[in-house]
Amino acid sequence: VFSVEHVLRQAMLALSKSRRAERLVTTSPLTSDVVGRYVAGDIGAVVGDLTRKGLLVTVDHLGEEVTDQAQAEAAVGDHLALLRLLPAGADVSIKLTALGLRLSRGLALDHAAAICAAAERKGVTVTLDAEEHDTIPGLHAVHAALRREHPEVGVVVQAYLPDSLDRCEKLVGARVRLCKGAYTAPGAYTRTADIDRAFVRCLKVLMAGTGYPMVATHDPRLVRIASTLAVLDGRDLTGFEYQMLYGVRPEEQARLAGLGARMRVYVPYGSDWYAYLMRRLAERPRNLAFFLRSLASR
Ligand code: FDA
């Protein structure tokens, strides 16, 4: 038996892939409040503001799935332009589908390598986001190949995948961002308790390992468990980081930074915000009500 929340979530995730719904939503008088809550308008100003508050950033130039090589090359250009705006110590989050992963693994690898090389010159790190389940084998193949030249390149593990623990065990010495998972996948854990359990199992492996764990969650219980495990595993405050999304629990972000923790905010920007916004709404039915109210108020 599925809960109302589960059904709503599936519906929102299906809408996130619908071109028709995208046209409807992006051409409707959607208040800029809803988009502006989760997506940075002026990226330079937002990064400057967060940095002044003692927060680290990872910036996502919005855009997914390209259908030809020219679009993938344009996405590389967008990322190189983004790098020019970022201070040393920043991170960029990239989506391999935007760089052509579904066209060819080799193409995505070449494009990601060009971004990693430019980022290194600026003292900026790169993290590869995890997307739909069919892209995960390609993601890890590209990550492994990139690590030979760019050992600092990070990758995301989605705890909801049944092999997430296995992944974490294999990613020895790597920068790994652990998150619950924002898409759907056959065989994936769907019950909250199962996803949380998988998250904690992965976290234990990453914290006890030799890599750099990036704990991407807003879940207060998992944040507490991460901080406890870090202490037990003898990691100091520079030995791991928390990550949260721009616009989600900003007071908690400030609290953790105030304690001296490394707190990195994932900041998406750009005009291609539709699928990103739909996934954020799917995470929380209360957000959906907020979204519908803002549509109705126009
Ligand atoms: P959960 O959804 O249980 O939320 C815990 C609490 O946080 C909620 O009760 C609420 O208070 C608050 N909260 C959570 N989401 C909220 C929202 N949208 N609006 C308002 N409040 C909210 N996924 C993926 O598949 N691939 C990826 O590469 C990434 N990358 C990534 C980077 C970073 C930095 C983060 C924080 C997350 C991701 N994700 C991701 C998304 C992730 O998989 C997951 O969908 C969301 O983080 C929500 O899960 P939580 O762990 O926050 O818990």
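The residue numbers shown here count from 1 along each chain, following its written sequence. Where local features are concerned, this predicted model is filtered to residues with pLDDT of at least 70; where side-chain atom pairs are given and counted, the filter is 80 or more; whole-chain, interface and lining totals use all residues.

Some words on the overall build of the chain
No. 1: Every helix listed is a DSSP run of H or I at least four residues long, and every strand listed is a run of E at least two residues long, numbered separately from the N terminus. A tally of helices and strands in the chain yields 13 helices and eight strands.
No. 2: Since a compact globule built from 298 residues should have a radius of gyration of about 19 Å, the 18 Å found for the chain is in line with a globular shape.
No. 3: A principal-axis box enclosing the C-alpha atoms of the chain has dimensions of 50 × 45 × 40 Å.
No. 4: Every C-beta atom is placed from the backbone, and the number of other C-beta atoms within 10 Å of a residue's own sets its class: buried at 20 or more, exposed at 12 or fewer, partly exposed in between. Counting only residues that meet the buried cut, the chain has 40% of its 298 residues in that class.
No. 5: The contact criterion used here is simple: two residues whose C-beta atoms, placed from the backbone, lie within 7 Å are in contact. Restricting to contacts in the chain with at least 6 residues of sequence separation, those with at least 24 account for 70%. Note on method: radius of gyration uses C-alpha positions; expected globular size equals 2.2 Å times residues raised to 0.38.

Notes on the environment of Glu241
No. 1: Here Glu241 is to be found in strand E7 (residues 241-245).
No. 2: The sequence separation of Glu241 and Ala216 amounts to 25 residues, and the corresponding C-alpha distance is 8.5 Å.
No. 3: Residues contacting Glu241, with those up to four places away along its chain left out, are Leu56, Met214, Arg262, Met263 and Arg264.

Topic: the site of the ligand
No. 1: In this entry, near means the residue's backbone-placed C-beta atom lies within 6 Å of the molecule or strand. By nearness alone, 23 residues border the ligand, and Asp129, Cys179, Thr217, His218 and Gln243 come closest of all.
No. 2: Looking at the shell around the ligand, the elements with two or more residues in it are strand E4 (154-158) and E7.
No. 3: Element by element, the count of residues in the shell around the ligand is highest for E7, at three residues.
No. 4: Three classes are used, and their members are as follows: Ala, Val, Leu, Ile, Met, Phe, Trp, Tyr, Cys and Pro are nonpolar, Asp, Glu, Lys and Arg are charged, and the others, Gly among them, are polar. The class makeup of the residues in the shell around the ligand is 10 nonpolar, six polar and seven charged.
No. 5: Where each domain starts and ends comes from a domain assignment, either automatic or drawn from a database. For the shell around the ligand, the domains that each give at least three residues are domain 1 (1-39 + 273-298) and domain 2 (41-270).

A short note on the sheet that holds strand E5 (residues 175-179)
No. 1: Reading around the barrel, the eight strands line up as E1-E2-E3-E4-E5-E6-E7-E8 and close back on themselves, with parallel pairing between neighbours. Each strand of the sheet is rotated relative to its neighbour by a mean of 30°, with strand direction disregarded.
No. 2: Strands were regarded as paired on the criterion that DSSP finds at least two bridges between them. Note: E7 against strand E8 (residues 263-269), four bridges, orientation parallel. Note on E8: the bridge partner recorded for Tyr242 is Met263.
No. 3: Each axis is a line fitted through C-alpha atoms, taken for helices only over the stretch in contact, and angles between the N-to-C directions span 0 to 180 degrees. Against the sheet, helix H6 (residues 105-122) contacts strand E2 (91-94) and strand E3 (125-128), and its axis sits at roughly 150° relative to E3.

A few points about the environment of Leu146
No. 1: On the secondary structure map, Leu146 appears in helix H7 (residues 136-149).
No. 2: With 119 residues separating them along the chain, Leu146 and Thr27 place their C-alpha atoms 39 Å apart.

Examining helix H9 (residues 192-208)
No. 1: Helix span, as expected, comes to 1.5 Å for every residue beyond the first. Along its 17 residues, H9 runs 24 Å from first to last C-alpha, staying within 8% of the 24 Å computed at 1.5 Å per residue.
No. 2: Among all positions in H9, only Ile195, Ala198, Phe199, Cys202, Leu203, Val205, Leu206 and Met207 are buried.
No. 3: Against E4, helix H8 (164-170), E5, strand E6 (212-216) and helix H10 (220-232) lie the buried residues of H9.

Digging into the confidence of the model for the chain
No. 1: With 94% of its residues at a pLDDT of at least 70, the chain reaches an overall mean of 92.
No. 2: Listed scores for the predicted complex are pTM 0.93 and ipTM 0.96. Values of pLDDT, which run from 0 to 100, indicate the predictor's confidence residue by residue.

Here we look at the nonpolar core
No. 1: Defined on buried residues, the nonpolar core groups Ala, Val, Leu, Ile, Met, Phe, Trp, Tyr and Cys residues joined through C-beta atoms within 7 Å. With 81 residues, the main nonpolar core has Ala112, Leu178 and Cys202 as its most contacted residues.
No. 2: Per-element accounting of this core gives the leading share, eight residues, to H9.
No. 3: Non-local contacts of Ala112, meaning those with residues more than four positions away in its chain, are made with Ile94, Leu96, Leu99, Val142 and Leu146.

Re the packing of helix H5 (residues 69-85) against H6
No. 1: Packing of H5 against H6 brings their axes to within 10 Å, and their N-to-C directions diverge by 10°. In this view, H5 runs roughly parallel relative to H6, as classed from their interaxial angle. Contact residues: H5 offers Gln69, Ala72, Val76, His79, Leu80 and Leu83, while H6 offers Leu107, His111, Ala114, Ile115, Ala118, Ala119 and Lys122.
No. 2: Here the residues of the contact of H5 with H6 are counted per class, giving nine nonpolar, three polar and one charged. Here the angle decides the label: under 35 degrees means roughly parallel, over 145 means roughly antiparallel, 65 to 115 means roughly perpendicular, and every other value means oblique.

Description of unusual backbone geometry
No. 1: A positive phi angle is found at Glu65, which is not glycine, with a value near 30°.
No. 2: By secondary structure assignment, the location of Glu65 is in the loop between strand E1 (56-61) and H5.
No. 3: Residue Arg249 is not a glycine yet carries a positive backbone phi of 50°.
No. 4: Here Arg249 is to be found in the loop between E7 and helix H11 (250-258).
No. 5: Residue Arg249 is classed as partly exposed on the basis of its 16 C-beta neighbours within 10 Å.

Here we look at the pairing of E4
No. 1: Taking burial as the measure, the five residues of E4 include five buried ones, the bulk of the element.
No. 2: Sheet topology places E4 next to E5; four bridges connect them, and they run parallel. Of the residues in E5, the one forming a bridge with Val157 is Leu178.
No. 3: Once the chain exits E4 it traverses H8 before rejoining the sheet at E5, and the crossover so formed is right-handed. Crossovers are marked right-handed if the path from the first strand over the helix to the second runs clockwise, as seen with the strands pointing away from the viewer.

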